[in-house]
Amino acid sequence: QVQLVESGGGLVQPGGSLRLSCAVSGSSYSSYIMGWYRQAPGKEREWVARITSGSSTYYADSVKSRFTISRDNAKSTVSLEMNSLKPEDTAVYYCRIWTTDGNSYWGQGTQVTVSS
């Protein structure tokens, strides 16, 4: 049973920073791509960032230069460092992985609220 558990969400003031982490367990296959999505109230879930097995990174335009995705293959974790946070970054953030056997898995989400 593959499980993804996110942590690190919370309340932060505009301009502040947060670091999200996602721990993966139960996978017998190497994670090929690891990524983050978010869903704001009343909006569709949207892609935020992804990182490949070779550590190539890709970002949505809305977070480019403010967010940094990284991975630790030895620990099966993926992190999202979020800086210069804006109220519009408020959302539930979800971790997702794609494994080499062709499956993908989601975490349960962690709330990020940017407000003064």
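Figured I'd write up the structure that's included with this text. (Residues numbered from 1 in each chain as written. Predicted model: local features only at pLDDT ≥ 70, side-chain atom pairs only at ≥ 80, totals over all residues. Heavy atoms only, no water.)

What follows covers the overall build of the protein. Helix and strand counts for the protein come out as 0 helices and 11 strands. From first element to last, N terminus to C terminus, the protein shows the α and β order β-β-β-β-β-β-β-β-β-β-β. The globule rule puts the C-alpha radius of gyration for 116 residues at 13 Å, and the 14 Å found for the protein is close to it. The dimensions of the protein, computed from C-alpha atoms along their principal axes, are 45 × 25 × 25 Å. Scored against the burial criterion, the 116 residues of the protein give a buried share of 41%. Of the contacts formed within the protein by residues at least 6 apart in sequence, a portion of 52% connects residues at least 24 apart. Summing over all exposed atoms, the protein offers an accessible surface of approximately 6100 Å²; the carbon and sulfur share of this is 45%. (Helix = DSSP H or I, 4+ residues; strand = E, 2+ residues; numbered from the N terminus. Rg over C-alpha atoms; globule rule 2.2 N^0.38 Å. Buried < 20%, exposed > 50% of the residue type's maximum accessible area, 1.4 Å probe, protein only. Contact = heavy atoms within 4.5 Å. Areas by Shrake-Rupley, 256 points an atom, 1.4 Å probe, with all protein chains shown as cover.)

Moving on to the state of the cysteines. Under the criterion given, the structure shown has 1 disulfide. One disulfide in the model links Cys22 with Cys95; its S-S distance is 2.2 Å. Handedness of the Cys22-Cys95 disulfide follows from its S-S torsion of about -80°: it is left-handed. Pair noted here: Cys22 is in strand β3 (residues 18-25) and Cys95 is in strand β9 (residues 91-99), with a separation of 73 residues, a long-range link. In this structure Cys95 comes out as buried when scored by relative accessible area, which is 0%. (Disulfide = S-S within 2.5 Å.)

This next bit is on the sheet that holds strand β7 (residues 67-72). One open sheet holds the 4 strands; their spatial order is β1-β3-β8-β7, and the pairing between them is antiparallel. Every interior strand has two partners, whereas the edge strands, β1 (3-7) and β7, have only one. Sheet twist, expressed as the mean angle between neighbouring strand axes with direction ignored, is 15°. In the sheet, β1 pairs with β3 via 5 bridges, with the strands oriented antiparallel. Bridging across to β3, Glu6 finds its partner in Cys22. (Pairing = 2+ DSSP bridges. Axes fitted to C-alpha atoms, helices over the stretch in contact; angles between N-to-C directions.)

With that settled, the discussion passes to the pairing of strand β4 (residues 31-39). β4 sits mainly inside the fold: 7 of its 9 residues count as buried. Two elements, β4 and β9, share 8 bridges in a ladder whose sense is antiparallel. Looking across to β9, one finds that Arg38 is bridged to Tyr93. Counting the residues between successive antiparallel strands, the hairpin from β4 to strand β5 (residues 46-52) contains 6 residues, one of them, Gly42, with a positive phi of roughly 75°.

From the geometry alone we can't say anything about function, so treat these as descriptive.
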